[in-house]
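Tertiary structure, described
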Amino acid sequence: MKKGYKKVERMTPAMRIIHWVNFFSMIVAIATGLYIAAPYYQTLIAEPAVDKYVMAWNRWGHFIVAIIFDVTSIVVAYLYFFSRFEKPYKKVLPTGKNIKEFFAVLVNLITLNRSKKFDSSHSDSFNTVYFTIFHLLLAFMLFTGLQLYVEGLESGLSSIGTWWPSMLHIATDWTIPFSHFLVGSSVQDATIMDVRIVHHRIMWVIIVWVVFHIYYQVWRTIFWQEGDIAIAFGGSKFVKEDKKAES
Amino acid sequence: MADDKIESVKSLFTAKSAKVETNKGEKYYENLYAQCRERLDNLKKIVPVSNNIKIKEAIEEEGVSRRDFLKWASATTAMLMLPASFTPLVAEAATLMNRVPVVWIELQDCAGNSEALLRSDGPTVDEIILDIISLEFHETLMAAAGHQAEKQLEDAVETFKGKYLLFVEGSVPMGLNGQYGTLGAKGETFIDHLHRVAKDAAAIVAVGSCATFGGIPAAAPNPTDAKGVMDVVNGKTIVNIPACPANPSNMVGVILHYVLTGQLPELDSLLRPKFAFGYRIHDNCERRAHFDAGEYVEEWGDEGAKNNFCLYKMGCKGPMTFNNCSIVRYNEGVNWPVGVGRGCIGCSEPDFWDKYAYERPMANANIKAPTGGVEKTVDQFGLGLLTAAGIGIGIHAAASAVAGKKDKGEA
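Residues numbered from 1 in each chain as written. Chains lettered and ligands numbered in written order. Predicted model: local features only at pLDDT ≥ 70, side-chain atom pairs only at ≥ 80, totals over all residues.

Points about the overall build of chain B
Secondary structure assignment for chain B yields 17 helices and 9 strands. A burial count over chain B gives 45% of its 411 residues as buried. Restricting the contact set of chain B to residue pairs at least 6 apart, pairs at least 24 apart contribute 72%. (Helix = DSSP H or I, 4+ residues; strand = E, 2+ residues; numbered from the N terminus. Buried ≥ 20, exposed ≤ 12 C-beta atoms within 10 Å, placed from the backbone. Contact = placed C-beta atoms within 7 Å.)

Focus: the interface of chain A and chain B
With 36 residues of chain A at the interface, the matching set in chain B holds 46 residues. Mapped by element, the contributors of at least two residues to the side of chain A that touches chain B are α2 (54-82), α6 (163-172), α7 (175-183) and α8 (192-224) of chain A. If one sorts the elements of the side of chain A that touches chain B by residue count, α8(A) sits on top with 5 residues. Looking at side-chain class alone, the side of chain A that touches chain B contains 18 nonpolar, 12 polar and 6 charged residues. (Nonpolar A, V, L, I, M, F, W, Y, C, P; charged D, E, K, R; others polar.)

Observations regarding unusual backbone geometry
Residue and element names in this part refer to chain B. Note the cis peptide between Ala 220 and Pro 221, where omega equals 5°. A cis amide bond links Cys 244 to the next residue, Pro 245, at an omega of 0°. Along the chain, the position of Pro 245 falls in the loop between β9 (238-241) and α11 (248-261). Positive phi, close to 60°, is recorded for Asp 351, a residue that is not glycine. Within the secondary structure, Asp 351 is located in the loop between α15 (325-328) and α16 (352-355). Look at Asp 351 and you get buried, because 28 C-beta atoms sit within 10 Å.

With respect to the domain arrangement of chain B
It is common to report an interface's size as the accessible area lost on association of the parts. All names here are of chain B. The domain architecture assigned to chain B consists of domain 1 (2-277), domain 2 (281-364) and domain 3 (376-410). Look at where the C-alpha atoms of domain 1 and domain 2 centre, and you get two points 27 Å apart. On the domain 2 side, the residues contacting the 15 residues of domain 1 number 14 residues. Counting only elements with at least two residues in the side of domain 1 that touches domain 2, the list comes to α10 (208-213) and α12 (274-277). (Domains from an automatic or database assignment.)

Quick word on the packing of helix α5 (residues 87-95) of chain B against α11(B)
Residues and elements named next belong to chain B. Between α5 and α11, the shortest axis-to-axis distance is 9 Å and the interhelical angle comes to 100°. Between α5 and α11, the angle is such that the two are roughly perpendicular. Contacts from Leu 89, Val 90, Ala 93 and Ala 94 in α5 reach Leu 256, Val 259 and Leu 260 in α11. For the contact of α5 with α11, the class distribution of residues is 7 nonpolar, no polar and no charged. (Axes fitted to C-alpha atoms, helices over the stretch in contact; angles between N-to-C directions. Parallel < 35°, antiparallel > 145°, perpendicular 65-115°, else oblique.)

Focus: the sheet that holds strand β1 (residues 101-106) of chain B
All names here are of chain B. Spatial strand order, β2-β1-β3-β7-β9: 5 strands in an open sheet with parallel pairing. Looking at the sheet topology across the chains shown, the edges are occupied by β2 (134-138) and β9. Adjacent strand axes in the sheet meet at a mean angle of 20° when their direction is disregarded. Relative to β2, β1 runs parallel, the two being bridged by 4 bridges. Across the sheet, the residue bridging to Trp 104 is His 138, located in β2. Here α11 sits on the sheet in contact with β3 (165-169), β7 (203-207) and β9, set at roughly 155° to β9. (Pairing = 2+ DSSP bridges.)

Description of the pairing of β1(B)
All names here are of chain B. Along β1, 6 of the 6 residues are buried, which leaves the element largely enclosed by surrounding structure. Here 5 bridges tie β1 to β3, and the two strands are oriented parallel to one another. Looking at β3, one finds that Val 103 is bridged to Leu 166.

Things to note about the environment of Tyr78(A)
Relative to the helices and strands, Tyr78(A) is located in helix α2. For the pair Tyr78(A) and Lys52(A), spaced 26 residues apart in the sequence, the C-alpha separation amounts to 41 Å.

Observations concerning the nonpolar core
Residue and element names in this part refer to chain B. Counting residues in hydrophobic clusters, the biggest one holds 111 residues, and the most contacted among them are Leu 166 and Ile 255. If you tally residues by element for this core, the top one is α11, at 8 residues. Three or more residues apiece are contributed to this core by two domains, here domain 1 (2-277) and domain 2 (281-364). (Core = buried A, V, L, I, M, F, W, Y, C linked by C-beta atoms within 7 Å.)

Focus: the environment of Asp126(B)
All names here are of chain B. Inspection of the secondary structure assignment puts Asp 126 in helix α7 (residues 125-132). Asp 126 sits in the buried class, given 25 other C-beta atoms within 10 Å. With 57 residues separating them in the primary sequence, Asp 126 and Phe 69 have C-alpha atoms 9.8 Å apart. With residues near it in sequence (within four places) discarded, Asp 126 still touches Pro 248, Ser 249 and Val 252.

Spelled out as structure tokens, the structure:
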């Protein structure tokens, strides 16, 4: 360890596992989702249909990672409020301290690190708000996705019983009028296509989110010189000891 | 209007959508059978008021054999999701169809649904039955015009008060107080016309995409502010039979269900009969295997098209469209859009022209003029830019004022 630097733990092993599970799920979800939306590669025409199952495999992969996302989201939602390590919701409450910190971090970013008037050892308000936005987007993807999924279970039956489609209807039918409101229309009746359009567009919002997330964490690593990028791998970063004392 | 929206949201939350109960248990069907028997016996006692054509004669005249008629009866029984034991009742109900008076009005439409019934070269049993129903009023078909026609409508509404089924074809133009559409010698607006005839109807059956969800007249930019019947008429039982045109089988199905049971069929959250709109086209599509295999038609007339591959990449909307086309098909099961190799355009879904019919996958459907229209874009972009500049000037001026003060203080 560099002299004068102190190690701070920022992500527990559970948080890191969730992070990387989400990372791989995201890649699979986008790759398969784009194929489902508009198949972008062709299968060999010479092969008979019985030998291939390309769309079905893509849908299978998409649904499997969706279910993994569902479960990690439930875990994240629990940790958000009840984590014994760090409760993120405390950082998004609009208290004077949080608002001040949020803008201090924002100023640090837009002044290209010329001003850094906050404690960078713990998870800051700006990053937590950003994290929260991601999980809200993801939650919306899950609800719209499950609505699109249950659309194909018209008989009300599923391999695990009738409770599952019924529950999905109760949990996700609201996305139809809500998506209709988001998409807008010259007709007042909501249609399932609105859900599909919204599900597809939110994917692009999430991709934009990911681009900035990666850029920003790399930027922090370069400009702060505190090893922030290591948080996602080793769970900890390093801050100057005197600096920590000063704030 | 706001109440309607709340109602439609409520109905979505009650999870009435999608789930189709195909088997309701023996006891239910036994009761229903007894109920139908009684209903048909009562109907038999009524002498048809204006229409004395007998179905048996009509069918023979059109060259349909009795065997074909019975085949039709069992197919229709299956379509209505009733057990096979109901087949004789369905056949009997068909012979009693002229006991139920029907008033058919047309609003903002192309008469395509009427055409679909009337202009086929070989009439199907469904179409013959629609010929012999007690059609008391139909602008396109009747000989009367002007004041005479209006008199006829008034008579029909008066005579069959509370008993007739009102079929509506076409959307309702709500813009300019309804002045986009007027009819008759008095220049009555479509809105008033609909309300007047709807008031005394036993139930309203909206046929075709225009009458159900506004259809093509309601496509962007919807100049006439067209709406479907269910968004205009309140407090009435409404059945929607969307599609462009609506399948005659489904129209007959609804009337037959009404004749048979005295009730309207079970409806989903968009008021569509579940027997017809409970399942997606995709679920029973003959090209479904090619969808799962990833075998798609890439362009019209290619090797995939010759091999009947899936039309998803050509924009087929079968996976998102609820209708029974893939089972019932059109013209007595002759063929249907996917069968002829041109994909589904989702014509039975709300807002289909803007959101389904662009003939490419949804993700590639960027067919509107950039950002919604050339002039519109320029106007809105200009206004936005001006606003941004104004805000910028404001911030700069305020910042300058603050900074200026500081300098003075220092000096």
